[in-house]
Amino acid sequence: MGEVRLAAALDLLSRLEKQEGVSQVFSLAARPADAERLAHAGASLWRASQDAFHFGAVLAEFAAGHGRSGLAYFGGASAPLADTTALAAAFAVADESRPTAAVNNLYSTDWFVINDGSLLVPLAASIPNDNPVGWRLQQETGCTVQPLPARAATRADIDTPADAFLLSGHPDLGPFLETVLNQGPADMLRRTDSLRQVLRSQARTLAVIGRSSSHVW
(Lines give C-alpha, C1' and ligand atoms only; values in the text may rest on other atoms or scores of the structure.)
Protein backbone atom coordinates (compact mmCIF):
# COMPACT_ATOMS: atom_id res chain seq x y z
CA MET A 1 0.00 0.00 0.00
CA GLY A 2 2.93 2.32 0.64
CA GLU A 3 4.05 1.90 -2.97
CA VAL A 4 0.50 2.39 -4.24
CA ARG A 5 -0.05 5.58 -2.28
CA LEU A 6 3.31 7.03 -3.31
CA ALA A 7 2.59 6.24 -6.96
CA ALA A 8 -0.80 7.96 -6.71
CA ALA A 9 0.87 11.00 -5.12
CA LEU A 10 3.45 11.19 -7.89
CA ASP A 11 0.75 11.07 -10.56
CA LEU A 12 -1.23 13.76 -8.74
CA LEU A 13 1.87 15.94 -8.45
CA SER A 14 2.37 15.71 -12.20
CA ARG A 15 -1.22 16.70 -12.87
CA LEU A 16 -1.18 19.60 -10.45
CA GLU A 17 2.01 21.00 -11.93
CA LYS A 18 0.20 21.24 -15.28
CA GLN A 19 -2.95 22.76 -13.80
CA GLU A 20 -3.56 26.44 -14.53
CA GLY A 21 -3.51 28.52 -11.37
CA VAL A 22 -1.11 26.26 -9.46
CA SER A 23 2.06 28.14 -8.63
CA GLN A 24 3.73 25.68 -6.26
CA VAL A 25 3.05 22.20 -4.89
CA PHE A 26 4.09 21.35 -1.34
CA SER A 27 4.46 17.86 0.10
CA LEU A 28 4.19 16.70 3.71
CA ALA A 29 5.22 13.04 3.93
CA ALA A 30 5.65 10.80 6.96
CA ARG A 31 8.28 8.55 5.39
CA PRO A 32 11.62 10.20 4.51
CA ALA A 33 11.95 8.05 1.39
CA ASP A 34 8.56 9.27 0.13
CA ALA A 35 9.51 12.89 0.85
CA GLU A 36 12.73 12.46 -1.10
CA ARG A 37 10.96 10.90 -4.08
CA LEU A 38 8.33 13.65 -4.19
CA ALA A 39 10.98 16.34 -3.89
CA HIS A 40 12.90 14.78 -6.75
CA ALA A 41 9.71 14.89 -8.82
CA GLY A 42 9.31 18.63 -8.17
CA ALA A 43 7.41 19.04 -4.90
CA SER A 44 8.58 21.54 -2.29
CA LEU A 45 8.91 19.78 1.07
CA TRP A 46 7.13 21.35 4.03
CA ARG A 47 7.51 20.41 7.68
CA ALA A 48 5.10 21.25 10.49
CA SER A 49 6.46 22.71 13.71
CA GLN A 50 4.54 20.26 15.94
CA ASP A 51 6.08 16.91 16.83
CA ALA A 52 2.72 15.17 17.30
CA PHE A 53 0.67 15.17 14.10
CA HIS A 54 -2.84 16.62 14.22
CA PHE A 55 -4.42 17.17 10.82
CA GLY A 56 -6.30 20.36 11.67
CA ALA A 57 -3.36 21.95 13.48
CA VAL A 58 -0.96 21.19 10.64
CA LEU A 59 -3.37 22.44 7.97
CA ALA A 60 -4.05 25.63 9.95
CA GLU A 61 -0.32 26.25 10.41
CA PHE A 62 0.26 25.95 6.68
CA ALA A 63 -2.74 28.15 5.86
CA ALA A 64 -1.68 30.79 8.37
CA GLY A 65 1.71 31.01 6.71
CA HIS A 66 0.10 31.88 3.39
CA GLY A 67 -2.34 34.54 4.53
CA ARG A 68 -5.56 35.00 2.59
CA SER A 69 -4.25 33.40 -0.58
CA GLY A 70 -5.93 30.45 -2.22
CA LEU A 71 -4.77 26.93 -1.51
CA ALA A 72 -5.65 23.36 -2.36
CA TYR A 73 -5.35 20.24 -0.21
CA PHE A 74 -5.15 16.66 -1.48
CA GLY A 75 -4.58 13.49 0.48
CA GLY A 76 -1.74 11.59 -1.17
CA ALA A 77 -3.96 8.92 -2.71
CA SER A 78 -7.23 10.84 -2.62
CA ALA A 79 -7.50 11.67 -6.31
CA PRO A 80 -6.17 8.76 -8.39
CA LEU A 81 -8.62 9.44 -11.24
CA ALA A 82 -8.80 13.24 -11.02
CA ASP A 83 -8.89 14.35 -14.65
CA THR A 84 -8.47 17.75 -16.26
CA THR A 85 -12.21 18.47 -16.07
CA ALA A 86 -12.46 17.76 -12.33
CA LEU A 87 -9.35 19.75 -11.46
CA ALA A 88 -10.32 22.71 -13.64
CA ALA A 89 -13.78 22.84 -12.02
CA ALA A 90 -12.21 22.85 -8.56
CA PHE A 91 -9.60 25.51 -9.27
CA ALA A 92 -12.23 27.76 -10.85
CA VAL A 93 -13.11 28.97 -7.33
CA ALA A 94 -10.10 31.26 -7.60
CA ASP A 95 -12.24 33.52 -9.81
CA GLU A 96 -15.01 33.91 -7.20
CA SER A 97 -15.29 37.30 -5.48
CA ARG A 98 -16.46 35.92 -2.14
CA PRO A 99 -14.93 33.13 0.00
CA THR A 100 -15.59 29.92 -1.90
CA ALA A 101 -14.37 26.35 -1.74
CA ALA A 102 -14.81 23.38 -4.05
CA VAL A 103 -14.82 19.98 -2.34
CA ASN A 104 -14.81 16.50 -3.83
CA ASN A 105 -17.40 15.39 -1.24
CA LEU A 106 -19.26 17.68 1.16
CA TYR A 107 -19.88 15.01 3.80
CA SER A 108 -16.58 13.14 3.56
CA THR A 109 -13.98 15.45 2.07
CA ASP A 110 -10.78 13.96 0.65
CA TRP A 111 -9.58 17.03 -1.26
CA PHE A 112 -10.61 20.63 -1.74
CA VAL A 113 -9.63 23.98 -3.24
CA ILE A 114 -10.39 27.24 -1.40
CA ASN A 115 -9.78 30.83 -2.50
CA ASP A 116 -9.11 32.10 1.04
CA GLY A 117 -7.00 29.71 3.06
CA SER A 118 -7.22 31.84 6.21
CA LEU A 119 -10.74 30.47 6.80
CA LEU A 120 -9.16 27.14 7.74
CA VAL A 121 -7.24 28.54 10.71
CA PRO A 122 -10.12 28.75 13.24
CA LEU A 123 -11.28 25.24 12.30
CA ALA A 124 -8.05 23.58 13.46
CA ALA A 125 -9.38 21.88 16.58
CA SER A 126 -12.57 20.62 14.92
CA ILE A 127 -10.96 18.79 11.99
CA PRO A 128 -8.96 15.82 13.33
CA ASN A 129 -8.83 14.51 9.74
CA ASP A 130 -9.84 15.77 6.31
CA ASN A 131 -13.35 14.24 6.19
CA PRO A 132 -15.25 17.07 7.98
CA VAL A 133 -13.49 19.98 6.25
CA GLY A 134 -16.19 20.71 3.67
CA TRP A 135 -19.04 20.53 6.18
CA ARG A 136 -17.21 22.64 8.76
CA LEU A 137 -16.36 25.30 6.18
CA GLN A 138 -20.00 25.51 5.15
CA GLN A 139 -21.49 25.53 8.64
CA GLU A 140 -18.96 27.58 10.60
CA THR A 141 -17.23 30.09 8.34
CA GLY A 142 -19.84 31.46 5.95
CA CYS A 143 -17.80 30.14 3.05
CA THR A 144 -19.73 29.08 -0.04
CA VAL A 145 -18.92 25.40 -0.49
CA GLN A 146 -19.45 23.86 -3.91
CA PRO A 147 -19.48 20.03 -4.01
CA LEU A 148 -18.09 18.78 -7.32
CA PRO A 149 -20.30 16.44 -9.38
CA ALA A 150 -20.16 12.92 -8.00
CA ARG A 151 -18.24 10.66 -10.35
CA ALA A 152 -15.18 8.43 -10.21
CA ALA A 153 -12.86 11.34 -11.04
CA THR A 154 -13.93 13.18 -7.89
CA ARG A 155 -14.87 10.35 -5.50
CA ALA A 156 -12.33 7.57 -6.09
CA ASP A 157 -10.00 7.35 -3.09
CA ILE A 158 -7.46 4.70 -2.12
CA ASP A 159 -7.69 3.58 1.50
CA THR A 160 -7.36 -0.20 1.08
CA PRO A 161 -5.78 -2.69 -1.34
CA ALA A 162 -9.24 -3.39 -2.76
CA ASP A 163 -9.73 0.32 -3.50
CA ALA A 164 -6.49 0.29 -5.46
CA PHE A 165 -6.94 -2.88 -7.50
CA LEU A 166 -10.53 -2.08 -8.43
CA LEU A 167 -9.04 0.90 -10.31
CA SER A 168 -6.56 -1.23 -12.28
CA GLY A 169 -7.01 -0.83 -16.01
CA HIS A 170 -8.92 2.45 -15.74
CA PRO A 171 -8.03 4.75 -18.66
CA ASP A 172 -7.52 7.77 -16.38
CA LEU A 173 -4.86 6.19 -14.17
CA GLY A 174 -1.55 7.98 -14.12
CA PRO A 175 1.58 6.13 -15.31
CA PHE A 176 3.11 5.60 -11.84
CA LEU A 177 0.01 4.03 -10.33
CA GLU A 178 -0.72 2.01 -13.46
CA THR A 179 2.75 0.48 -13.31
CA VAL A 180 2.50 -0.42 -9.61
CA LEU A 181 -0.94 -2.01 -10.02
CA ASN A 182 0.12 -4.01 -13.06
CA GLN A 183 2.94 -5.47 -10.98
CA GLY A 184 0.61 -6.35 -8.10
CA PRO A 185 -0.08 -9.82 -6.66
CA ALA A 186 -1.38 -12.13 -9.37
CA ASP A 187 -4.11 -13.49 -7.11
CA MET A 188 -5.46 -9.99 -6.40
CA LEU A 189 -5.47 -9.15 -10.11
CA ARG A 190 -7.28 -12.43 -10.87
CA ARG A 191 -9.93 -11.77 -8.23
CA THR A 192 -10.46 -8.25 -9.52
CA ASP A 193 -10.93 -9.52 -13.06
CA SER A 194 -13.42 -12.14 -11.83
CA LEU A 195 -15.41 -9.40 -10.11
CA ARG A 196 -15.46 -7.36 -13.31
CA GLN A 197 -16.83 -10.34 -15.21
CA VAL A 198 -19.77 -10.45 -12.80
CA LEU A 199 -20.37 -6.72 -13.20
CA ARG A 200 -20.31 -6.97 -17.00
CA SER A 201 -22.62 -9.97 -17.26
CA GLN A 202 -26.38 -9.63 -17.52
CA ALA A 203 -28.49 -11.67 -15.09
CA ARG A 204 -25.59 -11.98 -12.64
CA THR A 205 -25.99 -10.82 -9.04
CA LEU A 206 -23.44 -9.01 -6.89
CA ALA A 207 -23.98 -8.20 -3.22
CA VAL A 208 -22.09 -5.12 -2.02
CA ILE A 209 -22.01 -5.01 1.78
CA GLY A 210 -20.71 -2.00 3.67
CA ARG A 211 -19.94 1.65 2.99
CA SER A 212 -19.56 1.87 -0.78
CA SER A 213 -20.30 4.76 -3.12
CA SER A 214 -22.56 3.89 -6.05
CA HIS A 215 -20.97 6.77 -7.99
CA VAL A 216 -17.56 5.13 -7.81
CA TRP A 217 -18.96 1.76 -8.81
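All values derive from a computational prediction rather than experimental measurement.

Novice: What is the right way to read helix α1 (residues 2–18) from this model?
Specialist: Three- or four-residue spacings in an α-helix give side chains the same orientation, since the helix completes a turn every 3.6 residues. An ideal rise of 1.5 Å per residue puts 24 Å on 17 residues; α1 measures up with 25 Å between its terminal C-alpha atoms. Every buried residue belonging to α1 is among V4, L6, A7, A8, A9, L10, D11, L12, L13 and L16, and all of these are buried. Where α1 is buried, its residues touch α2 (32–40), β3 (71–74), α4 (84–91), α7 (161–165) and α8 (175–182).

Novice: What am I meant to see in the pattern of salt bridges here?
Specialist: Charged atoms that come close allow side chains of opposite charge to pair. Across all of its chains, the model carries six salt bridges by this definition. Note that E140 and R136 form a salt bridge whose closest N and O atoms lie 2.5 Å from each other. Remark: R136 and E140 occur in helix α5 (residues 133–140); sequence separation between them is four residues, near one turn of the helix. Look at E140 and you get partly exposed, because its relative accessible area is 42%. Across the pair R191 and D187 runs a salt bridge, and its minimum N-O distance is 3.1 Å. Here R191 pairs with D187, and both are found in helix α9 (residues 186–200), just four residues apart, close to one helical turn. Its relative accessible area of 37% is what places D187 among the partly exposed residues.

Novice: I tried to follow the environment of G117 on my own but got confused; where do I start?
Specialist: Mapped onto the fold, G117 is located in the loop between β5 (111–114) and α5. Residues G117 and H66, 51 residues apart in the sequence, show an inter-C-alpha distance of 7.4 Å. Not counting residues within four places of it along the chain, the set of residues in contact with G117 comprises A63, G67, R68, S69 and L71.

Novice: Would you mind going over a nonpolar patch on the surface with me for this structure?
Specialist: Side chains of L199, L206 and V208 sit close together on the surface and give an oily, nonpolar patch of about 240 Å² of accessible area. For V208, the position within the fold is in the segment after α9. Residue classification places V208 among the partly exposed positions, given a relative accessible area of 44%.

Novice: Teacher, can you tell me more about the packing of α1 against α8 here?
Specialist: The N-to-C vectors of α1 and α8 enclose an angle of 155°; their axes lie 7 Å apart at closest approach. Regarding the angle of α1 to α8, the classification is roughly antiparallel. Contacts between α1 and α8 involve E3, V4, A7, A8, L10 and D11 from the former and P175, F176, L177, V180 and L181 from the latter. Its residues assigned to classes, the contact of α1 with α8 comprises nine nonpolar, no polar and two charged.

Novice: What exactly am I supposed to notice about the sheet that holds β5 here?
Specialist: In any sheet, the strands associate via hydrogen bonds between backbone groups, in a parallel or an antiparallel arrangement. Overall, mixed pairing links the four strands, which are arranged β3-β5-β4-β6 in an open sheet. Two strands lie at the open edges of the sheet, namely β3 and β6 (144–147), each paired on one side alone. Averaged over all neighbouring strand pairs, the angle between strand axes comes to 15°, with direction disregarded. Where strand β4 (residues 100–103) lies against β6, four bridges are found, and the strand directions are parallel. Counterpart to V103 in the pairing with β6 is P147.

Novice: Please explain the environment of P128 as it appears in this structure.
Specialist: Along the chain, P128 falls in the loop between β5 and α5. The exposed category is assigned to P128, whose relative accessible area is 51%. Expressed as a C-alpha distance, the spacing of P128 and E140, which sit twelve residues apart in the sequence, is 16 Å. Each residue touching P128, except ones within four places of it in the same chain, is listed here: H54 and F55.

Novice: Where do I start with the nonpolar core in this structure?
Specialist: A general tendency of soluble globular proteins is for nonpolar side chains to be buried together. Ranked by size, the top nonpolar core spans 21 residues in total, and within it L71, F112, I114, L120, V133 and L137 carry the most contacts. Broken down by element, the residue count for this core peaks at five residues, all from helix α3 (residues 55–64). Dropping the residues within four chain positions of it, L120 is found in contact with L59, A60, A63, L71, F112, I114, V133 and L137. Formed by 20 residues, the second largest nonpolar core is a distinct cluster that contains A9, L13, F74 and A82.

Conventions we followed
- Residues numbered from 1 in each chain as written.
- Predicted model: local features only at pLDDT ≥ 70, side-chain atom pairs only at ≥ 80, totals over all residues.
- Heavy atoms only, no water.
- Helix = DSSP H or I, 4+ residues; strand = E, 2+ residues; numbered from the N terminus.
- Expected span 1.5 Å × (residues − 1).
- Buried < 20%, exposed > 50% of the residue type's maximum accessible area, 1.4 Å probe, protein only.
- Contact = heavy atoms within 4.5 Å.
- Salt bridge = Lys/Arg side-chain N within 4 Å of Asp/Glu carboxyl O.
- Patch = residues over 30% accessible without salt bridge, like charges linked within 9 Å, V, L, I, M, F, W, Y side chains within 5 Å.
- Areas by Shrake-Rupley, 256 points an atom, 1.4 Å probe, with all protein chains shown as cover.
- Axes fitted to C-alpha atoms, helices over the stretch in contact; angles between N-to-C directions.
- Parallel < 35°, antiparallel > 145°, perpendicular 65-115°, else oblique.
- Nonpolar A, V, L, I, M, F, W, Y, C, P; charged D, E, K, R; others polar.
- Pairing = 2+ DSSP bridges.
- Core = buried A, V, L, I, M, F, W, Y, C linked by side-chain atoms within 4.5 Å.

The analysis is restricted to geometry; functional conclusions fall outside its scope.
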